[in-house]
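# A closer look at the structure
The residues making up each chain are set out below.
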Amino acid sequence: MGTSEAVLQVFCGAVPRLCSTDSCFSKCDPIFSSKYQLKCRKRRVSRYMQLLSCSGMQRSRIGNYRFRGIGSGLFGNMTVGDSWIQSCKCQQAGSISGATTEDENGTWFVDSAKKLNTINNMVNAPNALGFQDVQQLKQEKEGLSPNGTNGTVRDAFHKISVDSLEDEAWDLLRESMVYYCGSPVGTIAAKDPTSSNVLNYDQVFIRDFIPSGIAFLLKGEYDIVRNFILHTLQLQSWEKTMDCHSPGQGLMPASFKVRTVPLDGDESATEEVLDPDFGEAAIGRVAPVDSGLWWIILLRAYGKCSGDLSVQERVDVQTGIKMILRLCLADGFDMFPTLLVTDGSCMIDRRMGIHGHPLEIQSLFYSALLCAREMLAPEDGSVDLIRALNNRLVALSFHIREYYWVDLKKLNEIYRYKTEEYSYDAVNKFNIYPDQISSWLVEWMPNKGGYLIGNLQPAHMDFRFFSLGNLWSVVSSIATTDQSHAILDLIESKWGDLVADMPFKICYPALEGQEWQIITGSDPKNTPWSYHNAGSWPTLLWQLTVASIKMNRPEIAAKAVEVAEKRISRDKWPEYYDTKRGRFIGKQARLFQTWSIAGYLVAKLLLADPSKAKILTTEEDSELVNAFSCMITANPRRKRGRKDLKQTYIV
């Protein structure tokens, strides 16, 4: 064995991006009834030159599986009689044995260790370029050009300014990285030095990490995404409860935190524990529906971008996908193909009147179903699941396209609805009363363009424009090509409302007055034009960019990015903006919000290379298109098709 190879195995976990915590993973049981904690033990010494060696595997009797090791060749293919449960012991190494200047791994560690700094007792990337440094750099560049009318100099300065902005963003993103067993596993939600009350912003959120993960993938830094995917998979089977009630099996946590606790029996040592939160500690105590859906989408993006399909082919990963699908596809009392969820179970994680069938969850659900179908290994155990998945895709796409879509023509149709209709041939299937059409919508709806409404239930249509749901409907192809272009047409037409001085409104319009009091419970954080109540969120830049590129209209995203670049660094990368035009930093917004930083970086990277957007987009196949056409033909609002046409769902 060569010197470099030996050092790699001895120092597993010590060098981020060169080795992974391979010995810390595996889970193959389809039932996943484990109650363990993920641990990493270490000595209390300086993290500057600490080397970790991972050993010690605790076994749990589960079953026989052949699976691929997490590291690139560290364990290779292994056949195990029992599944391994992680208990990773990392001890201090007194010296770097065999690591010389001629050793690639050893040299990397010695050179890089000089640049490392500690933040919250974690090994992190080089110090970020400070806000004052960026401003000073801009002033120095301005001083080089006394003639402000010189277009060439002005363009050169603009490029320098943008480059320094991107460099600042990358430094801040790397500062937010969280390490476990010496390897990066995610990014914290925010690192605001001006706030002492961190709440849960120092945790790694599944949904918040998605733009961070995409940014690292596009940059060619795959290890952190790989570690994140596999570590969160290990947390999937935790059995935490809320008032003695356990959540559905297969639920992904909303977030997790790396906690350092004293090791029993040894005062000089500590252990690291991954502590997940499934909503039992969250504000409002709501379990996340979108975490598992985002996890599947990121898993597919990792495989497409890195070319490493071994992760999605692992038995434990395949089982994790199936568990999420079974949880989402489980039969219940709901009669609709959309996913029934409670208020606050997605990006809008506070009471905002989106309980029922919110568009955001439906578009993510559809996207995750397509991604899962692409990754599921063909085997006997997957046949019934894939059949249910395909049936749901057809019914879900029909339901959203037919009943959630609204434009000027559809509004005129709803305006003339008859109510109290009974029978299968009813036009107004959900008994929508025309008086529900709000006066703001009559004036706001442009002649060209349309969008998917926020929610649909019996006698209720939520006509608010929800940005993430509409943008991801374009990305996932749950909206037709014509509908996707119409959504972008509406964004261009209503630019002053949805973008204004800072992209992008999370929804429009805001709930105000008595409606705000009733629907939000007088939530002081969700006051009109703030936070989830029509606040402006810079992180939505990356979803806007993916949607624009997919429809071959990248100029829309480029224009929005240019708007953001004027202020976002000067304002210290806030979580959200307030007021109708997004002119003020949110009154309770965290500064240096990670997904604001990552959203900007993803937008810039995709605009620089639009072909990379394909790792996130999904396209319909011909079977789905044909099935959807048959359902449209069978719709009683149109001419009936053949009498012997088989329908899986009543439409």
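Up top is the structure these notes are about.
Below, the structure is looked at part by part. (Residues numbered from 1 in each chain as written. Predicted model: local features only at pLDDT ≥ 70, side-chain atom pairs only at ≥ 80, totals over all residues. Heavy atoms only, no water.)

A separate point is the overall build of the chain. Helix and strand content of the chain: 21 helices and 20 strands. Relative to its 651 residues, the chain shows a buried fraction of 57%. Long-range pairs, those at least 24 residues apart, make up 73% of the contacts in the chain between residues at least 6 apart in sequence. Element-wise, carbon and sulfur atoms account for 50% of the exposed surface of the chain, whose accessible area totals about 28100 Å². (Helix = DSSP H or I, 4+ residues; strand = E, 2+ residues; numbered from the N terminus. Buried < 20%, exposed > 50% of the residue type's maximum accessible area, 1.4 Å probe, protein only. Contact = heavy atoms within 4.5 Å. Areas by Shrake-Rupley, 256 points an atom, 1.4 Å probe, with all protein chains shown as cover.)

Counting residues in hydrophobic clusters, the biggest one holds 157 residues, and the most contacted among them are W295, I321, Y451, F463 and I491. Contacts of I491, omitting those with residues within four sequence positions, involve F465, L471, L498, F504 and L544. (Core = buried A, V, L, I, M, F, W, Y, C linked by side-chain atoms within 4.5 Å.)

Turning our attention to helix α6 (residues 223-235). Counted at 1.5 Å a residue, the expected span for α6 with its 13 residues is 18 Å, and the 18 Å between its end C-alpha atoms agrees. Taken across its 13 residues, α6 has 13 buried, putting it largely inside the fold. (Expected span 1.5 Å × (residues − 1).)

Here we have four strands laid out as an open sheet, ordered β15-β16-β17-β18, and antiparallel in their pairing. Strands at the two margins of the open sheet, each flanked by one partner only, are β15 (405-407) and β18 (507-508). Summarising the sheet, strand β16 (residues 450-457) and strand β17 (residues 460-466) pair through four bridges and their orientation is antiparallel. Bridge pairing in β17 places N455 opposite D462. On top of the sheet, helix α15 (residues 481-493) reaches β15, β16 and β17; it is set at about 105° to β16, its chief contact. (Pairing = 2+ DSSP bridges. Axes fitted to C-alpha atoms, helices over the stretch in contact; angles between N-to-C directions.)

What the rule picks out here adds up to 21 aromatic pairs. When the centroid spacing of 5.7 Å and the interplanar angle of 65° are considered together, the rings of W472 and W542 count as edge-to-face. Residue W472 is located in helix α14 (residues 467-476), and its partner W542 is located in helix α18 (residues 541-550); the two are separated by 70 residues in the primary sequence. Exposure remark for W472: the relative accessible area of 0% places this residue in the buried category. Put simply, the rings of W440, W444, Y451, F465, Y508 and W529 touch in pairs and so form one group of aromatic residues. (Phe/Tyr/Trp six-rings, centres within 6.5 Å; stacked < 30°, edge-to-face > 60°.)

Before going further, it helps to spend a moment on unusual backbone geometry. Residues P503 and F504 are joined by a peptide bond in cis, for which omega reads 10°. Along the chain, the position of F504 falls in the loop between α16 (495-498) and β18. Look at S522: it is not a glycine, yet its phi comes out positive at around 60°. Locating S522 in the fold gives a position in the loop between α17 (513-520) and α18. You can call S522 partly exposed: its relative accessible area is 34%.

That is the geometry; function is a separate question.
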